[in-house]
Amino acid sequence: MRNPKRIGAACLTALGLVFVGLAGVNAAAADAEKAPWDLGAQANTKKGSIKILKKKDGDTAKAVAGAEFTVTQVTQIDGASFDLTKRADWSKVAKKVTVLNAHTEKLTANAPAKPDIALGTSTAQTTNGQGIAEFKNLAIGLYKVEETKVPQGYDSDIVPFYVTIPQITGKDAAAATYKYNVEVTPKNKDITSNISKDQNSGAVVGAGDTITYTIKANVNKSNMSGDNKKDVKAEDIQGYAIFDDAQEAAYTKIEAGNVKSVKMGQTTFTPDTDYKVDIQAKDDSDANKKTIEAGRKRVLVTFTDSGLTKLLPGINKTTPDKVEVTLEFQLKEGNTTKIQNKYGFIPGKGKNEPPKPPVIPNTSTDLDVAKFKIKKIDPNGDQVLQNAKFKLFATEDAAKKCAADHAQCTGASAFGEKNDRRRRFDA
């Protein structure tokens, strides 16, 4: 189930009008037990569980660790208490849970209003290496399940959904089975491949030269098609941002001016109106800033409400456009370390969705820094010539133009003219 909004609807179709099972996996015959109202005195002590099996969307064999889920018992609906150890109360709750799991955006003008609920104490767990989070010793009742923390590198459009203990399955009352240990399998989308970064180093020789990077990213939401067709709205992608984590040792300046353009398809975004640029440093007290490595500054491009609205036509196309952020940096004198590119984006989130951590891909485009030495000798190779001057070029054509006519040396690197007896340069 890609979208857990459908959990309740899919199960209710199988259950008929009276019984409510909202977990996503039907009970097997071996799991069948007595109905809550047939347990007698044991009903008050009977316990069940909710086991969450977190999987990667599109690859159900891959477990997803690090997803936090919170489970909370619903104690009242529309101000009225209920007791699911009593058969009559199941019928009442069934009508309410249908609306709860439908969510507001699914309701028609004639649908009943979404009920108010009162909640008990919450319990949170994080999925382990097998993608499992299990909530045990739960009393018979109705529970709200939320994904309250999305794991690094994943996105989720899972909104809160509701699960009953026990889960009741069957076409009618006579064939019903009751499963007290319920399992659900919501999925997360791996979105580390949604972003890439290209570098234009063709005009770069060394210090003083300008290097250009272009970050290309998909927005983490797309419109739904078919019977569930629904375009993405600005309210669905709040907080969407793209960033470059620039090495302080590599560049002369890391500032808002490094961002030269922001585009999506044929649409150009206006700075300060459609997007804001912030320069951030590592801060372990902040959920997002703690992902910045030491020695780097984050150039963060965050879209305003105006910018989010301008993104929508490109998002809602059959083949969505990518957002392109172009940055320029000037290489710093004296840097001798490899320039390792780190970049990423912060997924946009809708109402009732948990905050989403920055997505930073494991791959990067790097630029090596090298030292080279030039030895100037006479044509016979017998004598070393001192105080020769050199201009450096990124392309052979530019170097040939300068050699033929010194007035045509404008293509030389900003690394500058060198007159160095050591004849050793950092590039």
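Keep in mind it's a predicted model, so treat the numbers as computed, not measured.

Asker: Can you walk me through the sheet that holds strand S24 (residues 342-346) in this structure?
Answerer: Backbone-to-backbone hydrogen bonds pair the strands of a sheet. The strands run either parallel or antiparallel. Taken together, 4 strands build an open sheet; the order of strands is S20-S21-S17-S24 and the sheet is antiparallel. This sheet does not close on itself; its edge strands, each paired only once, are strand S20 (275-280) and S24. Neighbouring strand axes in the sheet, compared pairwise and without regard to direction, differ in orientation by 20 degrees on average. Both strand S17 (residues 241-247) and strand S21 (residues 296-303) contribute to a ladder of 7 bridges, which runs antiparallel. Bridge pairing in S21 places aspartate 245 opposite arginine 298.

Asker: Would you explain helix H3 (residues 305-315) in this entry?
Answerer: Residues spaced three or four apart along an α-helix point in a common direction, a consequence of the helix completing one turn every 3.6 residues. Listed in full, the buried residues belonging to H3 are Gly307, Leu308, Leu311, Leu312, Gly314 and Ile315. Viewed along the axis of H3, the buried residues span an arc of 165 degrees, placing them on a single side of the element. Of the surrounding secondary structure, the elements contacted by the buried residues of H3 are strand S18 (259-264), S21 and strand S22 (323-330).

Asker: It is not clear to me how the nonpolar core should be interpreted in this structure. Could you clarify?
Answerer: Where a protein is soluble and globular, its nonpolar side chains tend to be buried together. Counting 37 residues, the largest nonpolar core has Tyr240, Tyr251, Val262, Phe303, Leu311 and Val323 as the members making the most contacts within it. Only strand S16 (210-217), S17, S18, S21, H3, S22 and S24 provide two or more residues apiece to this core. Ranked by size, the runner-up nonpolar core spans 35 residues in total, among them Ile50, Ala67, Ile77 and Ala176.

Asker: Mind showing me how you'd approach unusual backbone geometry here?
Answerer: Trans peptide bonds make up the majority, and among non-glycine residues the majority have a negative phi. Cis geometry marks the peptide bond from isoleucine 165 to proline 166, where omega comes out at 5 degrees. Locating proline 166 in the fold gives a position in the loop between strand S10 (161-165) and strand S11 (167-169). Despite not being glycine, asparagine 137 shows a phi value in the positive range, around 55 degrees. A relative accessible area of 63% means that asparagine 137 is categorised as exposed. A positive phi angle is found at aspartate 272, which is not glycine, with a value near 70 degrees. Tracing the chain through its elements places aspartate 272 in the loop between strand S19 (267-268) and S20. Among the residues examined, aspartate 272 registers a relative accessible area of 58% and is labelled exposed.

Rules used throughout
Residues numbered from 1 in each chain as written. Predicted model: local features only at pLDDT ≥ 70, side-chain atom pairs only at ≥ 80, totals over all residues. Heavy atoms only, no water. Pairing = 2+ DSSP bridges. Helix = DSSP H or I, 4+ residues; strand = E, 2+ residues; numbered from the N terminus. Axes fitted to C-alpha atoms, helices over the stretch in contact; angles between N-to-C directions. Buried < 20%, exposed > 50% of the residue type's maximum accessible area, 1.4 Å probe, protein only. Arc of directions from axis to C-beta. Contact = heavy atoms within 4.5 Å. Core = buried A, V, L, I, M, F, W, Y, C linked by side-chain atoms within 4.5 Å.

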